[in-house]
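# Residue-level structural notes
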Amino acid sequence: IIMISTMLIGFISAGLGGINIYYAQYILGDIEKVAVIGMLSFAPIIVGSFFTPIIMAKMSKRNAMILGNLIVILGTVILALFPENYDLIKVGLIVRGLGLAPTAVASYAMLGDVADYGEWKTGIRSDGLIFSAGTFGEKVGSGLGGLLIGIVMSIGGYVAGAAVQTPGTIFAIKALFAYIPILLGVISIVLMFFYDLDKKLPEIVKNLQERSQGLSKQ
């Protein structure tokens, strides 16, 4: 439940990327900047993923998730504090993307640990079911992110095609771009404080190996 909730939150944040075009047009005043915003939202994740194994070798997956989310929040705070400074927006996006790398890698690795836990707890190994939960989080989270954009923009009073938007709409765009992702990052960190499988896993794996050896002898 903790892992599917965390992954759901992560993909809701990803789904909020649909606000980028509105941010470029109405906050930065240049819709063509959406291409750079989009690139810097994903390219740093790819770069960061190469360094993630080094991070995970030095700390538990849970702590890697917490560290990643802290970096994500730091990058997003930069976006929130300097909403119209294009150069600092790019810096914030790079920092946020680098933070997303360990969270993305660790979350799927942690699903494997959940499979071990499930086998230890119930005697039944359900890799397919558990990893499908990750896919569920991805599909539903992305959809909820898009839905959230529509709801918040509607509340803000967005008028399609208008050259100038109301202050409420401007706030809604900023909220979807930075404020709400910060909140989601905080929730993810809180959830991780309830995840204690990393501490239990060595004993669980040892127990599973002993079971396997016992069955092979029989």
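Below you will find a few notes about this structure. Just so it is clear, the model here is predicted, and its values are computed rather than measured.

Another aspect to go through is the packing of aromatic side chains. If you walk through the whole model with that rule in mind, you get five aromatic pairs. Taken together, a centroid distance of 5.8 Å and an interplanar angle of 40° make the contact between tyrosine 117 and tryptophan 120 tilted. Of this pair, tyrosine 117 and tryptophan 120 are both found in helix α5 (residues 86-122), three residues apart, which corresponds to roughly one turn of the helix. For tyrosine 117, a relative accessible area of 28% corresponds to the partly exposed category. Of the aromatic side chains, those joined through ring pairs into one cluster are Tyr22, Tyr26 and Tyr158. Over the ring of tyrosine 86 we find lysine 33; its NZ or CZ atom is 4.3 Å from the centre of that ring.

The relative placement of two packed helices comes down to the angle between their axes together with the axis-to-axis distance. Where helix α2 (residues 20-27) contacts helix α3 (residues 34-58), the axes come no closer than 9 Å and their chain directions differ by 135°. With respect to α3, the element α2 is oriented oblique. By crossing handedness, the relation of α2 to α3 is classed as right-handed. Contacts between α2 and α3 involve Asn20, Ile21 and Ala24 on the former and, on the latter, Val34, Ile37, Gly38 and Ser41. Residue classes in the contact of α2 with α3 are distributed as four nonpolar, three polar and no charged.

Further remarks concern the nonpolar core. In terms of nonpolar packing, the biggest core is built from 44 residues, with Leu176 and Phe177 touching the most fellow members. Put simply, the parts of the chain that give this core at least two residues each are α1 (2-15), α2, α3, α4 (61-81), α5, α6 (127-156), α7 (167-192) and α8 (197-217). When residues of this core are assigned to their parent elements, the largest contribution, eleven residues, is made by α7. With near-sequence residues (within four places) excluded, leucine 176 lies in contact with Leu16, Ile19, Leu148, Ile149, Val152, Met153 and Pro181.

A surface patch of nonpolar side chains, amounting to about 700 Å² of accessible area, comprises Ile46, Val47, Phe50, Phe51, Ile54, Ile94 and Leu98. Counting residues per element, the nonpolar patch draws most heavily on α3, which supplies five residues. Tracing the backbone through its elements, the reader meets phenylalanine 51 in helix α3.

This part is about the environment of glycine 10. Mapped onto the fold, glycine 10 is located in helix α1. Considered as a pair, glycine 10 and serine 188 are 178 residues apart in the sequence and their alpha carbons are 8.1 Å apart.

The rules we used
Residues numbered from 1 in each chain as written. Predicted model: local features only at pLDDT ≥ 70, side-chain atom pairs only at ≥ 80, totals over all residues. Heavy atoms only, no water. Phe/Tyr/Trp six-rings, centres within 6.5 Å; stacked < 30°, edge-to-face > 60°. Helix = DSSP H or I, 4+ residues; strand = E, 2+ residues; numbered from the N terminus. Buried < 20%, exposed > 50% of the residue type's maximum accessible area, 1.4 Å probe, protein only. Lys NZ or Arg CZ within 6 Å of the ring centre and 35° of its normal. Axes fitted to C-alpha atoms, helices over the stretch in contact; angles between N-to-C directions. Parallel < 35°, antiparallel > 145°, perpendicular 65-115°, else oblique. Left-handed = near helix turned anticlockwise from the far one by under 90°. Contact = heavy atoms within 4.5 Å. Nonpolar A, V, L, I, M, F, W, Y, C, P; charged D, E, K, R; others polar. Core = buried A, V, L, I, M, F, W, Y, C linked by side-chain atoms within 4.5 Å. Patch = residues over 30% accessible without salt bridge, like charges linked within 9 Å, V, L, I, M, F, W, Y side chains within 5 Å. Areas by Shrake-Rupley, 256 points an atom, 1.4 Å probe, with all protein chains shown as cover. Salt bridge = Lys/Arg side-chain N within 4 Å of Asp/Glu carboxyl O.

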